[in-house]
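Geometric and topological summary
Residue-level listing of the chains:
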Amino acid sequence: MKISSNTGAAHAAVSGFAAIEVDSTGQRVSLGTSNVPGMTNGVKVADNVLSVVSEMVSGVKGQADGVTALATEIEERDKRDAASVGGKR
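Residues numbered from 1 in each chain as written. Predicted model: local features only at pLDDT ≥ 70, side-chain atom pairs only at ≥ 80, totals over all residues. Heavy atoms only, no water.

**A few points about a nonpolar patch on the surface**
Residues Phe17, Ile20, Val22, Val45, Val49, Val53, Met56 and Val60 make up a contiguous nonpolar surface patch of about 600 Å² in total accessible area. Examining the composition of the nonpolar patch, we find that five residues originate from one element, helix H2 (residues 37-85), more than from any other. With respect to the secondary-structure elements, Val60 resides in helix H2. (Patch = residues over 30% accessible without salt bridge, like charges linked within 9 Å, V, L, I, M, F, W, Y side chains within 5 Å. Areas by Shrake-Rupley, 256 points an atom, 1.4 Å probe, with all protein chains shown as cover. Salt bridge = Lys/Arg side-chain N within 4 Å of Asp/Glu carboxyl O. Helix = DSSP H or I, 4+ residues; strand = E, 2+ residues; numbered from the N terminus.)

Structure, rendered in structure tokens:
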């Protein structure tokens, strides 16, 4: 029986996150001349939500990159361990 890490499986599991893009440049809400307090507060909320979502996407991508890096490290360790168990150092 062979048990080992699979970097391909780890990459496949997180590859969808790499394709997510949030471009907040120039994506601000504008009301023009309206000054209704509820609408101006809505503008602030919408702008803040976009900012928070952008930060969250960046964080998720960072964690996804960590998963594939860790899988590579574990795979290398598994190879070393397999070689030492098999008597091949």
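Back to the write-up after that little detour.
**Digging into H2**
When the terminal C-alpha atoms of H2 are compared, their 71 Å separation across 49 residues agrees well with the 72 Å that a helix rising 1.5 Å per residue should span. Where H2 is concerned, the buried positions are Val43, Asp47, Leu50, Ser54, Val57, Ala64, Ala71, Glu75 and Asp78. Contacts from the buried residues of H2 go to helix H1 (7-18). (Expected span 1.5 Å × (residues − 1). Buried < 20%, exposed > 50% of the residue type's maximum accessible area, 1.4 Å probe, protein only. Contact = heavy atoms within 4.5 Å.)

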